[in-house]
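The chain contents come next:
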Amino acid sequence: MKVALRDDDTSYFTDPARLDAVYHDVWNRVPVCLAVVPHAMGFADKAIPEKYWQSHRAYPLEENPALVAHLKALTASGKVTIAQHGFTHEDFADGHEFQAAPDLESRLARGQAYLEHLMGTKVRVFVPPHNALSKRGLRAISASGLNLLGSFLSFRPSMRPWEPQTLGNWWRVRAYRASTQRARGDRMIYPHVLRYRHHAEFGCHTLIPGTTLDELVRGFEEARRAGGHFCLATHYWEVDAELKDILIRFLDHAAGTPGVQFVAAERLFDAH
Ligand SMILES: [Zn+2]
């Protein structure tokens, strides 16, 4: 069973000391997949320092050279891997970036090329801002070939571009829902990789204020019984002492379970 950790929202606005404070005793145990915003927009948002709330311009990651140097060192030592998290992470009048931006294909291609060039590493995984994707957003990701790590993605064929695999995957998810005695609207994280024509998808469990250790352990045990895998997603900027304690205790639980292997999130998509 593979267990991975994803952290969203590293961007120009990130103080490298904050990442260290949260993960200094974590990334030696499990590599942290940092979902990085290539050109983060300054606007009113909890993840952005208040002095940038009125700036309304995009900040390329390279304008924070201390962060870039730190990320390169962390990547080289295997403590983190780099995924792409949107392009600007901005909101539009009618939705989040990968629901509503007009130029999704170019945002994907420019963001991936930018991160790969700047960090000197491959980017194989995309995380949509707010885990929100339109049908058009899914089509763009499929065309890009990037694998998708989400949290509450829709599998309904009407919400997705049609691919030969769409119907079969929908049935797999339905059968799993039925096997776990869930009703239609009940929360569910499907614990297996779903493969599509050019990309694959996997859903993460979230660690946010209010999440309990018990919930995470239950989700983990369910995935384990199903022969699946587990990915936990959080945001460094809201990890306080309480969430950190839950994270450590969850990792202890996973580490004590026979057959568990901590991996970089990219490895979730490997054939074996
Ligand atoms: Zn985000």
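Here the structure is shown first, and the text comes after it.
In this report, we go over the structure that sits alongside the text. The structure displayed is predicted, hence computed values, not measured ones. (Residues numbered from 1 in each chain as written. Predicted model: local features only at pLDDT ≥ 70, side-chain atom pairs only at ≥ 80, totals over all residues. Heavy atoms only, no water.)

A look at the pattern of salt bridges
Counted by the stated rule, this structure contains 13 salt bridges. Across the pair Arg29 and Asp252 runs a salt bridge whose closest N-O atoms are separated by 2.9 Å. One end of the pair, Arg29, is in the loop between α1 (16-23) and β2 (32-36); the other, Asp252, is in helix α8 (residues 241-255), and 223 residues separate them in sequence. Two residues, Arg249 and Asp245, come together in a salt bridge whose shortest N-O distance is 3.1 Å. (Salt bridge = Lys/Arg side-chain N within 4 Å of Asp/Glu carboxyl O. Helix = DSSP H or I, 4+ residues; strand = E, 2+ residues; numbered from the N terminus.)

Notes on the side chain of Asn131
Position of Asn131 relative to the elements: it lies in the loop between β8 (125-127) and α5 (135-144). Ignoring sequence-local partners within four residues, the contact set of Asn131 consists of Arg6, Gly150, Ser151 and Leu153. (Contact = heavy atoms within 4.5 Å.)

Considering the packing of aromatic side chains
Summed over the entire model, instances satisfying the criterion amount to 13 aromatic pairs. When the ring of Phe13 is compared with that of Tyr52, the centres are 4.9 Å apart and the planes differ by 55°; the resulting orientation is tilted. Taken together, the positions of Phe13 in the loop between β1 (2-10) and α1 and Tyr52 in the loop between β3 (39-41) and β4 (58-60) put the pair 39 residues apart, joining distant regions of the chain. For the pair Phe13 and Tyr52, one class covers both residues: buried. Aromatic side chains Tyr23 and Trp27 sit 6.1 Å apart centroid to centroid with 35° between the ring planes, which places their arrangement in the tilted category. Given the relative accessible area of 0%, Tyr23 is considered buried. (Phe/Tyr/Trp six-rings, centres within 6.5 Å; stacked < 30°, edge-to-face > 60°. Buried < 20%, exposed > 50% of the residue type's maximum accessible area, 1.4 Å probe, protein only.)

Focus: the coordination of the zinc ion
Taken together, Asp9 (OD), His85 (NE2) and His89 (NE2) make up the protein donors of the zinc ion, found 2.0 to 2.1 Å from the metal. Along the chain, the residues that donate to the zinc ion are spaced as D-x75-H-x3-H. (Donors = N, O, S within 2.8 Å, 3.2 Å for Na, K, Ca; no water.)

What about the packing of helix α4 (residues 104-119) against α5?
As a packed pair, α4 and α5 sit with axes 9 Å apart at the nearest point and diverge in direction by 40°. Classified by the angle their axes make, α4 and α5 are oblique. α4 and α5 meet at a crossing whose hand is right-handed. Contacts from Leu104, Glu105 and Leu108 in α4 reach Arg136, Gly137, Ala140, Ile141 and Ser144 in α5. Class assignment of the residues belonging to the contact of α4 with α5 gives a composition of 4 nonpolar, 2 polar and 2 charged. (Axes fitted to C-alpha atoms, helices over the stretch in contact; angles between N-to-C directions. Parallel < 35°, antiparallel > 145°, perpendicular 65-115°, else oblique. Left-handed = near helix turned anticlockwise from the far one by under 90°. Nonpolar A, V, L, I, M, F, W, Y, C, P; charged D, E, K, R; others polar.)

Details of the pairing of β1
Counting buried positions along β1 yields 9 of 9 residues, so the element is predominantly enclosed. Pairing geometry for β1 and strand β14 (residues 261-262), over 2 bridges, is parallel. Following the sheet pairing, Lys2 is matched in β14 by Gln261. Pairing between β1 and β2: 5 bridges, direction parallel. Considered in β2, the bridge of Leu5 is made with Val32. Handedness of the β-α-β unit built from β1, α1 and β2 comes out right-handed. (Pairing = 2+ DSSP bridges. Right-handed = clockwise from strand over helix to strand, strands pointing away.)

Purely spatial values, then, with no claim about function.
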